[in-house]
Amino acid sequence: MNMDTTKLAQLLFPQPLKTPEEWEAIYPPRNLPEGAVVTRMAPSPTGFVHLGNVVQGLTSERMAHQTGGVLFLRIEDTDAKREVPGAVEVLINSLAHYNIKFDEGATIDGDAGHYGPYRQRQRAPIYHTYAKWLVEQGKAYPCFCTEEELTAMRARQEAEKANFGYYGKWAVWRDRDLDAIEAELKKGTPWVLRFRSEGSIANKIKFTDLLKGPMEITENDIDHVLLKSDGIPTYHFAHAVDDHLMRTTHVVRGDEWLSTLPFHIQLFQALGFRLPKYLHIGPLQKMDGDSKRKLSKRKDPEAALTYYRAVGYPVASVYEYLLNILNSGFEDWRRANPDAPADSFVFSAKKMNPAGSLFDEAKLRDTSKNVISRMTAEQVYDETLAWAKENSADFAALLAGDPDTALRALAIGRGGKKPRKDIAVWSEVQDYMGYLYDELFGYTDEFPPAMNKTDAKQAMLAFAAVYDPADDNTLWFDKLKEIAQSMGYATDMKAFRAAPEQYPGSVADISACIRYAITGRLNSPDLCELMRILGHGRSVKRLTDCAETL
Ligand code: GLU
């Protein structure tokens, strides 16, 4: 190429710009201990936060903070068409909600940190410095092709069965002379800046991904766009410039970027930047019939982060479950350390599944039941109330108006070696114990089908007559047995099982109809304690009310 590239650079970028050296001095290497990982999240503010964003965030966050490094947030807002107002706030709040806290970067009120601006659209002068420098070095050139010309090129490539893209003989502006370029510039023809690739698809490069391991990838031969016609960079160019100047050591990103990695490697080389380490994460998958597929924003409600908050999964459950599917050793660690905070687990990128983790909501529910079973009644109450305030105002009012009932009900079976595991999400708490509030009480199950209604009525009224909340569990049950016996029902379960035909039923049937009268259902936590929570008056009223319906 025989061209005055200094002149070309000046024609394309006549505005005053800092030199690369000046930017280097503004963003000096970070002063961090050996081995500290500097990484980032670089989402596009589309308004939709995918569960996969949390996976990426959690992985990056652990890698940075476990090594005494830095996690920062960079907003990739170069595609103005896709931007949704308020999306940055949604993003920051959602990630913070899941314990992904940034040390620096974009915040709701602007930027925090010395390596900003952290919103790409505010970084135009930085990109232009490096773009100009590439032009001066003969490594980039303007292209004046119109959309129509590019579409026509693609059609011809299709007809000729050639590879798609702007390369080789198709790269029509690659070697045009300065006069031709100047003429277009004078006319005001829009242009993009393209990278002058020296690569060939005949060559392979060796590359080692921190997750996927060593691989051989094909060199890039396409003259990709670096700056769009509005002077805003493409992802690729911004990635190289930003991750260099922000002193990123590790890039954790989705593996959809592997296909353009050869171009990124070339770009870092052309710019004289040291290549960061890469960890390309596979997408979250789910089972669909017998096969796995990507968790899809379009098809799967559980792909959206908002889903978990709406259904009422505790943050701790989602966090713990994601750690579990991301790191194969987590489950054993949890068994050995049942009470340790999840972030004291040592996360290792080496233990991730290169193909992507399998997400299974049923397993998340199990994890969540465990997590909730380890919480105190107060925690469960507080979190349920917070959830209800956002999602179920009536229930929230009841909980707030009579916390004692909820706290006592939630305390049942909690704290021991084998805590109850009935609740997986906050939206289930109302069903679990809401019937203790008269406003929510109703007969939700069918009356026990095998039970004789006359006997049931008799048992309910008899129990109402002798019930005393001061009775301990033994006395409470003895009274029930006495009633059963007086009605000819078996109280010795062994004898009953040996000859069930000799009895109308057993004390279990009697207790089932008392449970039904008190809770409106066939299953509940400890009935004696539930009656104590209701107190004498309300317990008796429920027994007599139910007897009346039979
Ligand atoms: N904006 C890109 C994305 O959302 C960022 C990829 C990266 O982390 O480099 O996929």
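Residues numbered from 1 in each chain as written. Predicted model: local features only at pLDDT ≥ 70, side-chain atom pairs only at ≥ 80, totals over all residues. Heavy atoms only, no water.

J.: Report on the layout of surface pockets, specifying residues and quantitative values.
T.: Space inside the largest pocket adds up to approximately 1,200 Å³. In terms of lining residues, the largest pocket is bounded by 38 residues, among which Asn-53, Arg-82, Gly-254, Glu-256 and Trp-257 are the most central. Of all the secondary structure elements, the ones that give two or more residues to the lining of the largest pocket are α3 (51-66) and β10 (250-254). Top contributing element to the lining of the largest pocket by residue count: α3, with four residues. (1 Å grid on protein atoms, 1.4 Å probe; cavity = no way out; pocket = protein on both sides within 12 Å on 5 of 7 lines; lining within 4 Å. Points joined across faces, edges and corners; volume = space filled by probe spheres on them. Helix = DSSP H or I, 4+ residues; strand = E, 2+ residues; numbered from the N terminus.)

J.: Tell me about the sheet that holds strand β6 (residues 192-195), residues and numbers included.
T.: Read across the open sheet, the three strands follow the order β5-β6-β9; overall the sheet is antiparallel. Lying at the two open borders of the sheet, with one neighbouring strand each, are β5 (140-143) and β9 (225-227). Strand-to-strand twist in this sheet, taken as the mean axis angle between neighbours without regard to direction, amounts to 45°. Here four bridges tie β5 to β6, and the two strands are oriented antiparallel to one another. (Pairing = 2+ DSSP bridges. Axes fitted to C-alpha atoms, helices over the stretch in contact; angles between N-to-C directions.)

J.: Please set out the pattern of salt bridges residue by residue, giving values where relevant.
T.: Counting across every chain of the model gives 34 salt bridges. Here Lys-206 ties to Glu-216 by a salt bridge, and the two come within 3.1 Å at their closest N and O atoms. With Lys-206 in strand β7 (residues 204-209) and Glu-216 in strand β8 (residues 213-218), this residue pair connects regions lying 10 residues apart in the sequence. In this pair, the class of Lys-206 matches that of Glu-216, namely exposed. (Salt bridge = Lys/Arg side-chain N within 4 Å of Asp/Glu carboxyl O. Buried < 20%, exposed > 50% of the residue type's maximum accessible area, 1.4 Å probe, protein only.)

J.: Run through the sheet that holds strand β1 (residues 38-41), naming residues and quoting values.
T.: With respect to topology, four strands assemble into an open sheet ordered β1-β2-β3-β4, the strand pairing being mixed. Either end of the sheet is taken by a strand with one partner, and the two such strands are β1 and β4 (110-112). Neighbour to neighbour, the strand axes of the sheet diverge by 20° on average, direction disregarded. Alignment of β1 against strand β2 (residues 70-73), held across four bridges, turns out to be parallel. Paired with Met-41 across the bridge in β2 is Leu-73. Here α3 sits on the sheet in contact with β1 and β2, set at roughly 160° to β1. (Contact = heavy atoms within 4.5 Å.)

J.: I'd like a rundown of the site of the ligand, residues and numbers included.
T.: Taken together, Arg-40, Ala-42, Pro-43, Ser-44, Glu-76, Tyr-235, Arg-253 and Trp-257 make up the full set of residues near the ligand. One of the backbone N or O atoms of Ala-42 is found 2.8 Å from a nitrogen atom in the ligand. Compared with its free state, where it exposes 300 Å², the ligand has 82% of that area covered by protein. Its atoms largely coinciding with the cavity grid, the ligand occupies the largest pocket. (Near = heavy atom within 4 Å. Polar contact = N/O pair within 3.5 Å; in protein donor to acceptor, adjacent residues only side chain to side chain. Areas by Shrake-Rupley, 256 points an atom, 1.4 Å probe, with all protein chains shown as cover. Sits in = over half its atoms within 2 Å of the grid points.)

J.: Outline helix α18 (residues 453-466), listing residues and values.
T.: For α18, with 14 residues, the first-to-last C-alpha span of 20 Å sits near the 20 Å given by 1.5 Å per residue. Turning to α18, its buried residues number three or more, namely Asp-455, Ala-456, Ala-459, Met-460, Phe-463 and Ala-464. Angularly, the buried residues of α18 cover 165° about the axis, an arc narrow enough to put them on a single face. Away from its buried face, by an angle of more than 90 degrees, α18 presents the exposed residues Thr-454 and Ala-465. Of the surrounding secondary structure, the elements contacted by the buried residues of α18 are α19 (473-486), α21 (507-519) and α22 (527-549). Of the residues that open α18, the one with a side-chain oxygen 2.8 Å from the backbone nitrogen of Thr-454 is Asn-452. (Expected span 1.5 Å × (residues − 1). Arc of directions from axis to C-beta.)

J.: Would you mind going over the packing of helix α5 (residues 124-136) against helix α8 (residues 235-245) in detail, with residue names and values included?
T.: Running from N to C, α5 and α8 point in directions that differ by 110°, and their axes come no closer than 10 Å. As summarised for this structure, α5 and α8 are arranged roughly perpendicular, according to the angle between their axes. Touching Ile-126, Tyr-127, Tyr-130, Ala-131 and Leu-134 of α5 are Phe-237, Ala-238, Val-241, Asp-242 and Leu-245, all from α8. (Parallel < 35°, antiparallel > 145°, perpendicular 65-115°, else oblique.)

J.: Account for the nonpolar core, with residues named and values stated.
T.: Judged by nonpolar contacts, the single largest core of 106 residues is most densely connected at Leu-193 and Phe-237. At eight residues, the largest contribution of residues to this core is made by helix α11 (residues 315-326). Sequence-distant contacts of Leu-193, that is, excluding residues within four places in its chain, are made with Leu-12, Phe-13, Ala-131, Val-135, Ala-140, Tyr-141, Pro-142, His-224, Val-225, Leu-226 and Leu-227. Val-371, Phe-395, Ile-423 and Val-540 belong to the second largest nonpolar core, which has 56 residues in total. (Core = buried A, V, L, I, M, F, W, Y, C linked by side-chain atoms within 4.5 Å.)

In short, the description is geometric, and any link to function would need to be established separately.
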